[in-house]
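Observations on the three-dimensional arrangement
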Amino acid sequence: MSLTRPALSPMPAAMGGAEWAMLLALSLLWGGSFFFVGVAVTALPVASIVALRVGLAAAVLWLVLAATGRRLPRERRVIAALAVMGVLNNVIPFGLIVWGQTSIGAGLASILNATTPLFGVVVAGLFLADERMSARRLAGVALGFAGVVVMIGPEALSGLGRAGWAQLAILGAALSYACAGTFGRRFAGWGVDPVVVATGQVTVSALMLAPAALLLDRPWTLPAPGAGVLAAVLALAVLSTALAYVLYFRVLARAGATNILLVTFLVPVSAILLGVAFLGEALAPAHVAGMVLIGAGLAAIDGRLLRRR
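The following refers to the structure shown. (Residues numbered from 1 in each chain as written. Predicted model: local features only at pLDDT ≥ 70, side-chain atom pairs only at ≥ 80, totals over all residues. Heavy atoms only, no water.)

What to know about the overall build of the chain
Check the secondary structure of the chain and you find 14 helices and 0 strands. The secondary structure elements of the chain, listed N-terminal to C-terminal, are α-α-α-α-α-α-α-α-α-α-α-α-α-α. A buried classification covers 50% of the 309 residues belonging to the chain. Of all intrachain contacts in the chain linking residues separated by at least 6 positions in sequence, the fraction that spans at least 24 positions is 89%. (Helix = DSSP H or I, 4+ residues; strand = E, 2+ residues; numbered from the N terminus. Buried < 20%, exposed > 50% of the residue type's maximum accessible area, 1.4 Å probe, protein only. Contact = heavy atoms within 4.5 Å.)

Overview of helix 9 (residues 194–217)
Relative to the 34 Å expected for 24 residues at 1.5 Å per residue, helix 9 spans 33 Å between its end C-alpha atoms, a close match to the ideal helical length. In helix 9, a bend of some 25° at leucine 209 exceeds every other bend along the element, and proline 211, a proline, comes one to four places later. Near the N-terminus of helix 9, the side chain that reaches the backbone nitrogen of valine 195, with its oxygen 2.7 Å away, is that of aspartate 193. Among the residues trailing helix 9, arginine 218 stands out with phi positive, at a value near 45°. (Expected span 1.5 Å × (residues − 1). Bend = angle between axes of the 7 residues up to and from the residue. Polar contact = N/O pair within 3.5 Å; in protein donor to acceptor, adjacent residues only side chain to side chain.)

Regarding the side chain of aspartate 217
By the secondary structure assignment, aspartate 217 is in helix 9. Here aspartate 217 is buried and forms no salt bridge, its nearest opposite-charge partner arginine 218 lying at an N-O distance of 8.7 Å. Separated by 2.7 Å, the side chains of aspartate 217 and serine 48 make a polar contact. When near neighbours in sequence (up to four residues on either side) are disregarded, aspartate 217 contacts Pro45, Ala47, Ser48 and Leu222. (Lys, Arg positive; Asp, Glu negative; His and termini not counted. Salt bridge = Lys/Arg side-chain N within 4 Å of Asp/Glu carboxyl O.)

Some points on a nonpolar patch on the surface
Taken together, the side chains of Val122, Leu126, Phe127, Met133 and Leu138 make up a nonpolar region of the molecular surface, amounting to roughly 420 Å² of accessible area. Residue contributions to the nonpolar patch peak at 3 residues, all from helix 5 (residues 116–127). Turning to its location among the elements, valine 122 is positioned in helix 5. (Patch = residues over 30% accessible without salt bridge, like charges linked within 9 Å, V, L, I, M, F, W, Y side chains within 5 Å. Areas by Shrake-Rupley, 256 points an atom, 1.4 Å probe, with all protein chains shown as cover.)

Section: helix 6 (residues 135–152)
Relative to the 26 Å expected for 18 residues at 1.5 Å per residue, helix 6 spans 26 Å between its end C-alpha atoms, a close match to the ideal helical length. Buried residues of helix 6: Arg137, Gly140, Val141, Gly144, Gly147, Val148, Val149 and Met151, and no others.

Digging into the nonpolar core
Leu23 and Tyr248 are the most contacted members of the largest nonpolar core, which totals 74 residues. It is helix 10 (residues 227–255) that provides the largest number of residues to this core, a total of 10 residues. What leucine 23 contacts, discounting residues up to four positions off in sequence, is Met15, Val251, Asn259, Ile260, Leu262, Val263 and Leu266. In this structure, Ile49, Ala232, Val233 and Leu236 belong to the second largest nonpolar core, which totals 9 residues. (Core = buried A, V, L, I, M, F, W, Y, C linked by side-chain atoms within 4.5 Å.)

What about the packing of aromatic side chains?
In the structure shown here, the tally under the stated rule is 6 aromatic pairs. With 6.0 Å between their ring centres and 50° between their planes, tryptophan 30 and tyrosine 248 make a pair best called tilted. Of the two residues, tryptophan 30 sits in helix 1 (residues 17–40) while tyrosine 248 sits in helix 10, which places them 218 residues apart along the sequence. Each member of the pair, tryptophan 30 as well as tyrosine 248, carries the same accessibility label: buried. An aromatic cluster is present here, built from Trp30, Tyr245, Tyr248 and Phe249 joined pairwise through their rings. Cation over ring: arginine 186 sits above phenylalanine 183, and NZ or CZ is 4.0 Å from the ring centre. (Phe/Tyr/Trp six-rings, centres within 6.5 Å; stacked < 30°, edge-to-face > 60°. Lys NZ or Arg CZ within 6 Å of the ring centre and 35° of its normal.)

Remarks on the environment of leucine 239
Looking at where leucine 239 falls in the secondary structure, it is placed in helix 10. Non-local contacts of leucine 239, meaning those with residues more than four positions away in its chain, are made with Leu29, Leu234 and Ala244.

A closer look at the environment of serine 270
In this structure, serine 270 sits in helix 12 (residues 263–278). Along the sequence, serine 270 and alanine 25 sit 245 residues apart, while their C-alpha atoms lie 9.3 Å from each other. The contact partners of serine 270, leaving out residues within four places of it in the chain, are Ser27, Leu28 and Gly31.

Considerations on the pattern of salt bridges
Two side chains carrying opposite charge are able to pair once their charged atoms lie near each other. Tallied over the entire structure, the rule returns 3 salt bridges. Residue arginine 254 pairs with glutamate 19 through a salt bridge whose shortest N-O separation is 2.8 Å. One end of the pair, arginine 254, is in helix 10; the other, glutamate 19, is in helix 1, and 235 residues separate them in sequence. The exposure class assigned to arginine 254 is partly exposed, which follows from its relative accessible area of 37%. On the basis of relative accessible area, glutamate 19 is assigned to the buried category, the value being 8%.

This is the structure:
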């Protein structure tokens with residue numbers, strides 16, 4: 001199944017206030033996932049956390065489907081597309097990021113993952129006729145990427161060039177996310193509800209990742225986790241996965257593949273602000289400078305301020 005835009009896919013709307021609000025909410029949900037994962041890894045292996053994350057999220061979303069009377073489509077093309085989406089959006093990037101971070105630090109991994117919008121502009125420009133590359137978009141993405149580097153700290157780049165395969169793995173995850181954003185545009189054209197798309201893709205991911213976790217971690221041999229760890233895993237599944245993916249597919253349907261990937265720039269901002277608000281961390285000048293650059297990049301991509309001038 002190709003990445004090419006399906007014939008019924010609508011032109012994405014410009015980002016309005018509602019779309020920006022959903023994108024900010026999505027960044028908060030995914031920014032919070034770093035905290036939840038930080039709690040969970042104190043007692044559970046990584047593969048088990050990932051499998052529980054998508055498995056519990058799938059269970060929650062199936063309950064939502066049942067409660068609201070929604071149904072998964074029975075068309076073969078939609079079912080096949082949901083399977084592809086699960087692989088591109090979860091299985092491949094989750095596996096590559098986990099494997100890559102066994103050899104490189106979180107800071108460098110975050111910077112490499114922030115290349116997702118760069119790949120997104122290129123992939124969407126190649127396969128989506130209504131999301132062509134432009135100098136303004138490329139400049140905005142470059143500014144946003146520079147902001148992420150400044151926020152995380154240029155010293156994180158000192159490890160660049162070492163553990164080359166691990167770094168390529170993170171870049172491969174970023175490319176996979178970009179392809180998922182472009183591929184997912186077809187669901188809006190087919191009229192598939194964002195809740196249904198989220199349910200289908202995390203279900204596929206859970207079915208693929210659960211056997212890997214059982215094989216690698218043998219969870220029946222692990223001690224029972226405490227209440228705090230269980231709460232963190234539940235929050236990771238319900239908030240940072242189930243609810244987050246409903247927002248993800250809603251923004252994707254309304255604003256397009258390039259715009260949804262901008263959340264990669266906002267996640268570090270949300271993670272730092274959450275740390276300042278709830279963990280007593282300090283807001284450094286580099287953080288402020290990085291946020292300014294990210295804001296300038298987002299404004300350039302959005303384009304409305306430039307058009308007014």
